[in-house]
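Inside the fold
Residues per chain, in single letters:
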There are 2 protein chains.
Amino acid sequence: MTQHSPAGYFANRTINELADQLRAGLVTAAELVRGALDSIDELDAGLNAFVTVDRQGAWQAAAKADAELAEGVDRGPLHGIPVAIKDVIDVAGLPTRMGSAHFADYVAATDAECVRRLRDGGAVLVGKTTTHEFAFGATGDSAHNGPSRNPHDTSRVTGGSSGGSGGAVAAGMVPLALGTDTGGSVRIPSALCGVVGFKPTFNAIPTDGVFPLSQSLDHVGVLARTAHDCRTAYRVLAGLRSSFCHETGEAARIGWIPPGTLHPTDPRVERIARAALDVGGLSMRDVELRDPVGIHKAFAGIQYSEAYAIHAERVAQNPQLFTPDVLELLGAAAKTTGWQHVRSLRARDQWRSEVHDLLSRVDLLATPTTCVVAPEVGQREIEIDGTVSTVRGALLSLAKPWNVAGLPAVSVPAGTIDGLPVGVQLACSPGQEDLLFAVAARIGT
Amino acid sequence: MTQHSPAGYFANRTINELADQLRAGLVTAAELVRGALDSIDELDAGLNAFVTVDRQGAWQAAAKADAELAEGVDRGPLHGIPVAIKDVIDVAGLPTRMGSAHFADYVAATDAECVRRLRDGGAVLVGKTTTHEFAFGATGDSAHNGPSRNPHDTSRVTGGSSGGSGGAVAAGMVPLALGTDTGGSVRIPSALCGVVGFKPTFNAIPTDGVFPLSQSLDHVGVLARTAHDCRTAYRVLAGLRSSFCHETGEAARIGWIPPGTLHPTDPRVERIARAALDVGGLSMRDVELRDPVGIHKAFAGIQYSEAYAIHAERVAQNPQLFTPDVLELLGAAAKTTGWQHVRSLRARDQWRSEVHDLLSRVDLLATPTTCVVAPEVGQREIEIDGTVSTVRGALLSLAKPWNVAGLPAVSVPAGTIDGLPVGVQLACSPGQEDLLFAVAARIGT
């Protein structure tokens, strides 16, 4: 076990602090790019968070950001901030490899809409991060460019699919990264790497220019060191005005979903996640789910059907280009029937209706983000409290309900077990994001 | 070939005329029920339009209707009018057999919402009409109670699945019947039997209490002798105020979809249908469809997936209770994959978008209703202009696009070939129903 301390330039710097320092002339965008690139040079050989580093593009963007600030042009809270982009999201002029041998030669012609919004907001793109092949996996260790590795223990996974984004933020190589989240792919690496990850309401950040995994479950999300940094980035990406968060997160009513109803959960993980919510003023009570199996069925039927609709021709023509991992999932996906898909869509409607009811009685719903801490790279089964389960199930089961529901959800560091981070997850109704971020910020402190 | 003249009591009476006569005291609801029941007694042995006749209920309802009118209680344009109900629609206290041995013992406890609206409107329910088993077929000749037969030639099908409703109106046994229409099941029997059939915008008439075939394609519709009678019944069923139709249907712009782009079509059928639109003032031009195959794929993938989701357990447990016909369709339905269903949903979105564009350039879109006149009972293949096709394809192909689009569509008698009726079909945007009915009324005259 190779223990790393997160040691990059951004390990102790938040976006909101950097924004102040940039405007006070205490730091320049060029210095932030140097910090990012130096950290990548120092740390990434062991972590494999990046698949592409765009040094020239980063320097140019930083120079422009500094020149604009000097001229009084202020593009908002991400002006001059280095950002890493998950490699399923198109950045004009750079390859989008998607962790796959199928797209080894593909170079994006135009920016994804979320990338365009970052650029318009003055952000400085430093590179593309390792993704589980086609974002179809929760571990981040099945990628054509090799596994991303956990900064807390490089023998362990980052979690996925936005694994490189999780590792890059956790190691302090960048203060912000974009990810995508179809069943937890932003929140899972955030939890396993000990950072904050947020996925918004379905479609709040457009997915144009993002390679799809499962269109009705796909979300673009953000990973950063703090909840307020996630909020800042989210508002830029969603096209919302930047604003002070007036919510204090006091007296919020939390509904705790006992994770065991969704999947066997390491009792230490559950204890730490739940204890993290024991901050003054929050009230908490257990809530019971009507049909947890229905949520799993809805997710599987929808994800499988939509994913295979995307990959059917690739599977037929070039199956050998897939990793065995993803090819096996696609094999299961191919077998999902149309009538099962129809029932999955109905089960989704039922879960959405149930969540709507639950969130009329509490402000936030909470679980651990994952059932376990980071597994070993390559590990596919895991024993939890005497029961053997798939790693896939242990990582996805608590996160995916919020993709099925399409609701905002955040993962926040709750503590560690033997040095490995544990995340606690909070979900809310659309429009309650400020409350969500405020409570998340209180947990971290 | 046994040629019948339509000879029932209602063969030459319209709902709108009867409504006037009821209020003028020239006829009573009881006399209308006697007309209906006598016609059924005289004609139905040869036609099998009815599976259940509710003599007692009809007499009671007629007595009530007459008493109310005498007291000055007027429930609107269907007050006292006899109506037949397709046997997939629940009528409290009567069996709903659905043409199936699976439901031999099922008696409905409550009225379907559409039936409730008819009763509230004073209509007099006389019985349930023969349906193709589970409404899953376009011929009307696969039913546990035997085939419904075409009043114009009893060796021929009525078309389906609302075959009994088509036969009952065409033979003059009732002036109005309810049907359901998932791929043409109201319009096809209307065309083959020589009556007017209308299906409204998706969900304009609620389907609560109607046994589903394919929920996102199912529509409740009406069959009557004239377009204005359909309009009258539609407005009652959709919960709209009764009103005079101010549209004249003059100068409407018709887009003709050459039927051969959707399916091989009997050239005589095409000629007669097209010539029926040659009434003064209408302008007509051909429109080209971008992706006719996409419409067929959308329909098949959606109908099959939704239908099997309804019947999966019945197929697994009691396959022998299905007719071979429907069991074969369900076998194909079971094989539809989830990813094909996803692509079907996308193809539906594309067709909807295309129709929206088309209907911004013309007022109505037109085709023949079916590609052929009524085939023989039991016939499953048909030669059209030298090409052998399935009867199913020849009957459904021109009608189902409007189920996929979810738009209002009407079939109107356009003429005959060797005594067998040909229908012309018109479709419109939601909100343009009065124009549709007005043009349809001009065609008939």
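For clarity, every value in this text was computed on a predicted model and none was experimentally measured.

So, how was this worked out
Residues numbered from 1 in each chain as written. Chains lettered and ligands numbered in written order. Predicted model: local features only at pLDDT ≥ 70, side-chain atom pairs only at ≥ 80, totals over all residues. Heavy atoms only, no water. Helix = DSSP H or I, 4+ residues; strand = E, 2+ residues; numbered from the N terminus. Contact = heavy atoms within 4.5 Å. UniProt positions renumbered as here; feature names shortened; annotations may be inferred. Expected span 1.5 Å × (residues − 1). Bend = angle between axes of the 7 residues up to and from the residue. Buried < 20%, exposed > 50% of the residue type's maximum accessible area, 1.4 Å probe, protein only. Salt bridge = Lys/Arg side-chain N within 4 Å of Asp/Glu carboxyl O. Least-squares fit on C-alpha atoms with pLDDT ≥ 70 in both. Phe/Tyr/Trp six-rings, centres within 6.5 Å; stacked < 30°, edge-to-face > 60°. Lys NZ or Arg CZ within 6 Å of the ring centre and 35° of its normal. Domains from an automatic or database assignment. Buried area = accessible area lost by both parts, 1.4 Å probe. Polar contact = N/O pair within 3.5 Å; in protein donor to acceptor, adjacent residues only side chain to side chain. Pairing = 2+ DSSP bridges. Axes fitted to C-alpha atoms, helices over the stretch in contact; angles between N-to-C directions.

1. Some remarks on the environment of A:Ile188
- Here A:Ile188 lies in helix H6 (residues 187–193).
- Filtering out sequence-adjacent residues up to four positions away, A:Ile188 remains in contact with A:Ala138, A:Thr158, A:Gly159, A:Gly160, A:Gly183, A:Thr369, A:Thr370, A:Leu395, A:Leu396 and A:Ala399.

2. Observations regarding the UniProt feature "domain: Amidase" (unreviewed entry) in chain A
- As recorded in UniProt, the sites labelled "domain: Amidase" (unreviewed entry) are residues 31–436 of chain A.
- Between the C-alpha atoms that bound residues 31–436 of chain A there is a distance of 33 Å. The span itself is 38% helix and 19% strand.

3. Observations regarding helix H9 (residues 292–317) of chain B
Residue and element names in this part refer to chain B.
- Its 26 residues give H9 an end-to-end C-alpha distance of 37 Å, which sits within 8% of 38 Å, the value for a rise of 1.5 Å per residue.
- Considering bend angle alone, the principal kink of H9 is centred on His-311 and spans about 60°.
- In terms of burial, H9 is largely enclosed, as 20 of its 26 residues are buried.

4. Quick look at the pattern of salt bridges
- All chains considered together, the criterion is met by 37 salt bridges over all chains.
- Between A:Arg156 and A:Asp153 there is a salt bridge; the shortest N-O distance is 3.3 Å.
- A:Asp153 sits in the buried class, given a relative accessible area of 0%.
- The partner of B:Asp141 in a salt bridge is B:Arg380, and the shortest N-O contact between them spans 2.9 Å. Here B:Asp141, found in the loop between strand E3 (124–129) and strand E4 (149–150), pairs with B:Arg380, found in the loop between strand E11 (364–368) and strand E12 (381–384); they are 239 residues apart in sequence, far enough to count as distant.
- Taking relative accessible area as the criterion, B:Arg380 reaches 30% and is therefore assigned partly exposed.
- Because the salt bridges share partners, they merge into one network encompassing A:Glu113, A:Arg116, A:Arg117 and A:Asp120.

5. Section: the relation of the copies chain B and chain A
- Rotating chain B by 180° and translating it 0.0 Å along the rotation axis places it on chain A, where the RMSD comes to 0.0 Å. Such a combination of turn and shift is consistent with a two-fold rotation axis.
- Comparing interface residues between copies, 100% of those in chain B also sit at the interface in chain A, which points to an isologous, same-surface contact.

6. Topic: the packing of aromatic side chains
All names here are of chain A.
- All told, the structure shown has 22 aromatic pairs over all chains when counted by the stated rule.
- Ring pairs connect the aromatic residues Phe-103, Tyr-106, Phe-134, Phe-211 and Phe-322, which therefore count as one cluster.
- Over the ring of Tyr-9 we find Arg-13; its NZ or CZ atom is 3.8 Å from the centre of that ring.

7. A few points about the domain arrangement of chain A
All names here are of chain A.
- Under the domain assignment used here, chain A contains domain 1 (1–290 + 347–445) and domain 2 (294–335).
- For domain 1 and domain 2, the distance between their C-alpha centres works out to 24 Å.
- The interface of domain 1 with domain 2 comprises 28 residues on the first partner and 21 residues on the second.
- Carbon and sulfur atoms make up 68% of the surface buried where domain 1 meets domain 2, a total of about 2,300 Å² over both sides.
- Inspection of the domain 1/domain 2 interface yields 1 salt bridge.
- When the shortest N-O distance is used, the salt bridge between Asp-325 and Arg-380 registers 3.1 Å.
- Taken together, the connections running from domain 1 to domain 2 amount to 10 residue pairs in polar contact (both at pLDDT 80 or more).

8. Structural notes on the sheet that holds strand E14 (residues 409–417) of chain B
Residue and element names in this part refer to chain B.
- In spatial order, the strands read E1-E3-E2-E6-E8-E7-E14-E15-E11-E9-E10; together these 11 strands make up an open sheet with mixed pairing. Two strands lie at the open edges of the sheet, namely strand E1 (50–53) and strand E10 (283–286), each paired on one side alone. Averaged over all adjacent pairs, the angle separating strand axes in this sheet is 30°, with direction ignored.
- Sheet topology places strand E7 (residues 196–199) next to strand E8 (residues 219–224); 3 bridges connect them, and they run antiparallel. From the neighbouring strand, Phe-198 faces E8, where its bridge partner is Val-222.

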